[in-house]
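Here are the chains, one letter per residue:
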Amino acid sequence: MKFEFLNPTHLVFGAGSLSKLGEVVRAHGKKALLVTGGGSVRRNGTFDRAVSSLKAAGIAVAECSGIEPNPRLSTVLRGAGIARSEGCDVVVALGGGSVMDAAKVMAATLFYEGDPWNMMAGQENRRLPEKALPVVTVPTLAATGSEMNGGAVITNEKTIVKSFVTARCLYPCAAVVDPELTLSVPPDQTAFGICDLMTHVTESYFNGVDGTPLQDRFAEGVILTAMEWGPKAVADGRDIEARAQVQWASVVALNGWVQIGTLAPYPVHMIEHSLSAHHDIAHGAGLAVAGPAWMRFAARTRPGRFAQFAERIFGLSLQRPDDSEAAAQGIDRFEAFLRSIGCPTRLSQVGIGDALLERYAKDTLLVAHDADGRLPGRPPMSEADIVEMLGSAL
């Protein structure tokens, strides 16, 4: 293994942490662009509590609301325009992963010369952002881990392409993570978030380089924790202990600890991005469909890795290290777990048929491909491979 690691985000975690928001933001600016989603934070009182904390600390507030579940480039431009016209010097993201992702790119767009879409993967003249306003994240859903990493995913609604950017300047300067803010999240969105956070670690677990046993155990720990506490959070949304454990698993799943040194691509995410770009489905729901289908495809060429997963996560006994039967059973059990908490596992369950399978594959490869034009992963996937994989999930 060879790697460098940096995560500069100051994390404030625990029930009741929202009261500290103003104090945290005050260290980074005097006027905040407060970025929010579809209105749930207003209905449940979170917005008013956040604004009260900010104003008590002497922070002026300008609002950018209405961020979509799959945030659009036009929305990013709108938010950056508000921040510029209002003279904001800090951005506060109050919402789920889409809100946090949009807020990060808004913060960078203020300093970016040219079309902000050129930040995104897949562009011929791609140029990463080098400067952004400080961002403070306040997640209201346990799912993406965007509160403590330097990545963001945005959809270009004109081309119907969903892509990503990762840059050092996009790391939030602080994250205020209060599990109490997730108590009102409905069961289906809770379940989708659990799938999302688990997929973050299965991506590196199955696609990373060999020789990373500590990272394997990190990943397995996140998965086991999510499988223990996730169903409790789905069954009883007011269970603060379950909410806290799932929230912490979400943070750890993508703050870099699990992925250190694995050099892993994220093929399942890349494929799902094409699905949600076209159909605007919940990201976690799309992952619940694409994940098991991809696992079955990948297990053909690497059964030993999936057999290890089956043994360590589900306690299955192996006849040999590359036991393909145990590998298949492990994937079946993982898919059954997703169904048990309310996730879809077939494309038909999210309203997707077979009409655009080739388009999804082409769009996926437009954003991410190796020198041979294949989707990076273990194994790399051609356009035909992606179509076959998606077809198996109909």
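In every chain, residue numbers begin from 1 and rise along the written sequence. Whole-chain, interface and lining totals are the exception, using all residues; otherwise, since this is a predicted model, local features are given only for residues with pLDDT of at least 70 and side-chain atom pairs are given and counted only at 80 or more. The basis for the side-chain values is all heavy atoms of the structure; hydrogens and waters are excluded.

Enquirer: Would you mind going over the packing of aromatic side chains with me for this structure?
Expert: Note on aromatic pairs: each is described by the distance of the centres and the angle between the planes. Side-chain rings of Phe, Tyr and Trp, where Trp is taken by its six-membered ring, are said to pair if the distance between their centres is within 6.5 Å; with planes under 30 degrees apart they count as stacked, over 60 as edge-to-face, and otherwise as tilted. Inspection of the entire model under this criterion finds ten aromatic pairs. Taking NZ or CZ as reference, Lys232 lies 4.1 Å from the ring centre of Trp229, over its face. Two thresholds decide whether a charge sits over a ring: the Lys NZ or Arg CZ must be within 6 Å of the ring centre and within 35 degrees of the ring normal.

Enquirer: Any chance you could explain helix α4 (residues 73–86) here in plain terms?
Expert: Think of an α-helix as turning once every 3.6 residues; residues three or four places apart then point the same way. Segments assigned H or I by DSSP are reported as helices when at least four residues long, segments assigned E as strands when at least two residues long, and all are numbered from the N terminus. Expected helix span is taken as 1.5 Å per residue step, with the number of steps being one fewer than the number of residues. A rise of 1.5 Å per residue sets the reference length of α4, with its 14 residues, at 20 Å; its end C-alpha atoms lie 20 Å apart and thus fit the reference within 8%. Restricting attention to buried positions, one finds in α4 the residues Leu73, Thr75, Val76, Gly79, Ala80 and Ala83. On an axial view of α4, the arc spanned by its buried residues comes to 160°, and they lie on one face. On the buried face of α4, the contacting elements are β2 (31–35), β3 (60–64), α5 (97–109) and β6 (151–156). Once α4 finishes, Gly87 follows within two positions and takes phi at roughly 70°, a positive value. Here the term buried applies to any residue with accessible area under 20% of the maximum for its type, exposed to any over 50%, and partly exposed to those in between, with areas from a 1.4 Å probe on protein chains only. The arc under discussion is defined with respect to the helix axis, by the directions toward the C-beta atoms. In this analysis, two residues are considered to be in contact whenever any of their non-hydrogen atoms come within 4.5 Å of each other.

Enquirer: Before we go on, may I ask you to explain a nonpolar patch on the surface in this structure?
Expert: Like-charged residues within 9 Å of one another, or nonpolar side chains (Val, Leu, Ile, Met, Phe, Trp, Tyr) within 5 Å, are grouped into patches, provided each residue has over 30% relative accessible area and no salt bridge. Only the protein chains shown count as cover for residues, with accessible areas throughout obtained via the Shrake-Rupley method and a probe of 1.4 Å. Between Lys or Arg on one side and Asp or Glu on the other, a salt bridge is scored when a side-chain nitrogen of the former is within 4 Å of a carboxyl oxygen of the latter. Taken together, the side chains of Met1, Phe3, Phe5, Phe13, Leu214, Phe218, Trp248 and Trp257 make up a nonpolar region of the molecular surface, amounting to roughly 810 Å² of accessible area. Tracing the sequence through the fold places Trp257 in the loop between α8 (240–253) and α9 (267–279).

Enquirer: It is not clear to me how the pairing of strand β5 (residues 135–139) should be interpreted in this structure. Could you clarify?
Expert: Along a regular strand, successive side chains alternate from one face of the sheet to the other. Counting buried positions along β5 gives five out of five residues, so the element sits mostly inside the fold. Of the two faces of β5, the one carrying Val135, Thr137 and Pro139 and the one carrying Val136 and Val138 are both buried. We treat two strands as partners when DSSP finds at least two bridges between them. Of the pairings in the sheet, the one linking strand β4 (residues 90–95) to β5 comprises five bridges and is parallel in character. In the sheet register, Ala93 faces β5, and the bridge partner there is Thr137. Call a crossover right-handed when, viewed with both strands pointing away from you, the route from the first strand across the helix to the second goes clockwise. Following the backbone out of β4, through α5 and into the adjacent parallel β5, one traces a crossover that is right-handed. Note that β5 and strand β8 (residues 174–177) share two bridges and pair parallel. Note that in β8 the partner of Val136 across the bridge is Ala174.

Enquirer: So what exactly am I meant to see when it comes to the pattern of salt bridges here?
Expert: Opposite charge on two side chains makes pairing possible when the charged atoms of those side chains draw close. Applying the stated rule across the entire model yields 16 salt bridges. Measuring nitrogen to oxygen at the nearest pair gives 3.0 Å for the salt bridge that ties Asp210 to Arg302. Taken together, the residues span a long stretch of sequence, with Asp210 in the loop between α6 (187–207) and α7 (213–235) and Arg302 in the loop between α10 (283–299) and α11 (303–314) at a distance of 92 residues. Take Asp210: its relative accessible area is 55%, and that puts it in the exposed class. In this structure, Glu388 engages Arg300 in a salt bridge whose closest nitrogen and oxygen atoms are separated by 2.6 Å.

Enquirer: Would you explain the environment of Gln245 in this entry?
Expert: Looking at where Gln245 falls in the secondary structure, it is placed in helix α8. Between the C-alpha atom of Gln245 and that of Glu228, which follows or precedes it by 17 residues, the distance is 9.3 Å. With residues up to four places along the chain from it excluded, the contact list for Gln245 reads Thr225 and Trp229.

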